[in-house]
Amino acid sequence: MTMEFKLLIDGDLVDGADSLAVINPATGEPFATCARADAAQLERAIAAAKRAFPTWRDGGQPRRQELLHKLADAMEARFEDFARLLTQEQGKPLAEAQFEVGGAIAAFRHFGAQVLHPETLVDEPNALVVEHYAPLGVVGCIVPWNFPMILLAIKVSIALSTGNTVVAKPAPTTPLTAALLGEVAVGILPPGVFNVIVDANDLGGMLSSHPDVAKISFTGSTATGRKVMASAASTLKRLTLELGGNDVAIVLDDADPAEVAAKIYGAATFNAGQTCMAAKRLYVPNAMLDDIGERLAALASATVLGDGLEPGTKMGPIQNKMQFDKLQDLMAATQSEGTVLTGGARLNRPGYFIQPAIVRDLADDARLVTEEQFGPLVPLLSYDTIEDVIARANASDYGLGGTVWGKDLDKAAAVARGIETGTVWINKHLDLRFDVPFGGVKQSGLGREQGQAGLKEFVDARIVNMAR
Ligand code: NAD
């Protein structure tokens, strides 16, 4: 029996004007049907969110916190449904899906409890200046297909907690966990406060240009981020853009090769490499190139690929056919540009599986080095000096994350400070915390998510400057 999912508009679960088939990337076959909205339904969702805004805003933070905690409890009660659905629509191994769902529930609890208190900026005998924070109105939350649950949960929980109302739009290839969140929210959140609209990549422009939408919180590619920025210009919308990256992992000469190889392999291939802050370019000292290359190749060829619901699967498929085709095209170009130590072939089975590849001897202008691959194809490069590797790390339009690996922490920290990027981790990766802001520099984005800075992206600062 095919599973069916609906839209959430103004507190009601509704059929779409149309529907779309959702494909399980581990089989390449449709396994569920999701309602698909048309422009009129998006219009209704925005209107409902606009109507719901004043009451939600004025209801106060304690009430919002109570309801967001209730929502987290209701998600917890459907934990396994969310996790299995996430694996089926996205492809990731079930343990990783469970981790993501756990993170999404934790986001509602954490951000539901955050309060932005007014800040006194000046307190003098003759003057009192206080900065107050006011929610913006209707927020459009647009997310991609690599981490459909946690990315949506962070945006929605912060937007709602700070007093805004939401129209959420997942990616068309992974709409189901968002639709299930909509189902779970019915009866908990007041009508119109949270709406879920599923499209076929055709309604994002309308959402981001709509005069009744005050802000777009967008995560996706840099190319689409530019379009969002352009369509938001006519109404001067607030924007948070979390975009693509081409992050480096820099191994220093005092690192232990065995330890570091396993860690940078994980940093490069988690979620089959479909991670915005994945290590997408690996740089090792010349003297360590052969050793680390062999170790990475051994790790890659030992990786168990399969359906995420099968026990033992360590890496799932590429999430969608378009990305799968793009990676095969990139791999074909890479064959003649470098030395493929292992991998890169598609698996001879249904579904969108690509063997993780390690490629060395690439020039700095090879496509696998300059482009965001967003898959398990990993370029291994070598360097002479720290100055050389920092200059090459920074020769990119992107600046999202990055890692430095070495025993001398002062030296590693000095290298980290030289990298033009939003976050650098030292001797670890993917350590994202709700209380630490995350975001890109250069063309990796605008604004921050999480932390105090992330909360303030969802409010206007209003100064009250009083003579006394
Ligand atoms: P994408 O840009 O193609 O799509 C993202 C979302 O935007 C989808 O929901 C899509 O339907 C929607 N969209 C499409 N056209 C639109 C338009 N004109 N206006 C508004 N929305 C529109 O991205 P993708 O391929 O789904 O995701 C992969 C990209 O996301 C990678 O570049 C990755 O690095 C990036 N990403 C960044 C972060 C981060 O935090 N910086 C996190 C995850 C993914």
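**Here's the deal with the packing of aromatic side chains**
And then number 1: With the rule as written, the count across this model stands at four aromatic pairs.
And then number 2: When the centroid spacing of 5.5 Å and the interplanar angle of 35° are considered together, the rings of Phe324 and Tyr352 count as tilted. Note that Phe324 is positioned in helix 11 (residues 321-335) and Tyr352 in the loop between strand 15 (339-342) and strand 16 (357-360), a separation of 28 residues in sequence.
And then number 3: Judged by its relative accessible area of 10%, Tyr352 is buried.

**Re the layout of surface pockets**
And then number 1: By volume, the largest pocket amounts to about 1300 Å³.
And then number 2: Forming the boundary of the largest pocket are 45 residues, of which Pro144, Trp145, Asn201, Ser221 and Thr224 lie nearest the centre.
And then number 3: Put simply, the parts of the chain that give the lining of the largest pocket at least two residues each are strand 4 (18-24), helix 7 (204-209), strand 11 (215-219), helix 8 (222-232) and helix 11.
And then number 4: Residue classes in the lining of the largest pocket are distributed as 21 nonpolar, 16 polar and eight charged.
And then number 5: A volume near 630 Å³ is recorded for the second largest pocket.
And then number 6: Looking at which element gives the most residues to the lining of the second largest pocket, the answer is helix 4 (residues 94-112), with four residues.

**Quick look at the site of the ligand**
And then number 1: Lining the immediate surroundings of the ligand are 29 residues, of which Val143, Asn201, Ser221, Thr224 and Glu372 lie closest.
And then number 2: Contacts to the ligand include Val143, whose backbone N or O atom sits 2.8 Å from an oxygen atom.
And then number 3: At a separation of 2.7 Å, an oxygen atom of the ligand approaches a polar side-chain atom of Ser221.
And then number 4: Across the complex, the protein chains shield 89% of the 860 Å² of accessible surface that the ligand would expose by itself.
And then number 5: When atom positions are compared with the pocket grids, the ligand is found to occupy the largest pocket.
And then number 6: Residue composition of the shell around the ligand, grouped by class: 15 nonpolar, 10 polar and four charged.

**Some thoughts on the packing of helix 3 (residues 79-90) against helix 6 (residues 176-185)**
And then number 1: In contact at an axis separation of 9 Å, helix 3 and helix 6 are set at 155° when each is read in the N-to-C sense. The angle between helix 3 and helix 6 places the two elements in the roughly antiparallel class. Here helix 3 contributes Asp81, Phe82, Leu85, Leu86 and Glu89 to the contact with helix 6, which in turn contributes Leu176, Thr177, Leu180, Leu181 and Val184.
And then number 2: Classifying every residue of the contact of helix 3 with helix 6 by side-chain character gives seven nonpolar, one polar and two charged.

**Here we look at unusual backbone geometry**
And then number 1: The residue Asn427 is not glycine, and still its phi comes out positive at about 60°.
And then number 2: Its location among the elements puts Asn427 in the loop between strand 19 (425-426) and strand 20 (445-446).
And then number 3: Judged by its relative accessible area of 30%, Asn427 is partly exposed.

**What to know about the sheet that holds strand 21 (residues 459-467)**
And then number 1: Spatially, 6-7-21 is the arrangement adopted by the three strands of the open sheet, whose pairing is antiparallel. Across the chains shown, the open sheet's two edge strands, defined by having one partner strand only, are strand 6 (119-124) and strand 21. With direction set aside, neighbouring strand axes in the sheet form an average angle of 15°.

Conventions adopted
- The numbers attached to residues start from 1 for each chain and follow its sequence in the written order.
- Per-residue local features are limited, in this predicted model, to residues with pLDDT of at least 70; the limit for side-chain atom pairs, both in listing and counting, is 80 or more; totals at the level of whole chains, interfaces and linings are taken over all residues.
- The side-chain numbers reported here are obtained from all heavy atoms of the structure, hydrogens and water having been left aside.
- A pair of aromatic rings is counted whenever rings of Phe, Tyr or Trp (Trp by its six-membered ring) have centres within 6.5 Å, and the orientation is called stacked for planes under 30 degrees apart, edge-to-face for over 60 and tilted otherwise.
- Comment: elements are numbered from the N terminus, with helices defined as DSSP H or I runs of at least four residues and strands as E runs of at least two.
- Burial classes follow relative accessibility: with a 1.4 Å probe on protein chains only, a residue under 20% of its type's maximum area counts as buried, one over 50% as exposed, and anything between as partly exposed.
- In this analysis a 1.4 Å probe is tested at points of a 1 Å grid over the protein atoms alone, and where it fits but cannot get out there is a cavity; an open set with protein on both sides within 12 Å along at least five of seven lines is a pocket; lining residues have an atom within 4 Å of a point.
- Grid points are joined across faces, edges and corners, and a volume is the space filled by probe spheres set on the points.
- Three classes are used, and their members are as follows: Ala, Val, Leu, Ile, Met, Phe, Trp, Tyr, Cys and Pro are nonpolar, Asp, Glu, Lys and Arg are charged, and the others, Gly among them, are polar.
- Each residue is tested against the molecule or strand, and it is near if at least one of its non-hydrogen atoms lies within 4 Å.
- Think of a polar contact as two N or O atoms within 3.5 Å of one another; within protein, one of them needs to be a possible hydrogen donor and the other a possible acceptor, and neighboring residues in sequence only count if both atoms come from side chains.
- Values of accessible area rely on a 1.4 Å probe in the Shrake-Rupley scheme; residue burial ignores everything except the protein chains shown.
- Think of it this way: a molecule belongs to a cavity or pocket when more than half its atoms come within 2 Å of the grid points there.
- Interaxial angles span 0 to 180 degrees and are taken between N-to-C directions of axes, which are lines fitted to C-alpha atoms, for helices over the stretch in contact.
- Roughly parallel refers to an angle under 35 degrees, roughly antiparallel to one over 145, roughly perpendicular to one between 65 and 115, and oblique to any angle outside these ranges.
- Pairs of residues are marked as contacts when any of their non-hydrogen atoms sit within 4.5 Å.
- Here the rule is simple: two strands pair whenever DSSP picks up at least two bridges between them.

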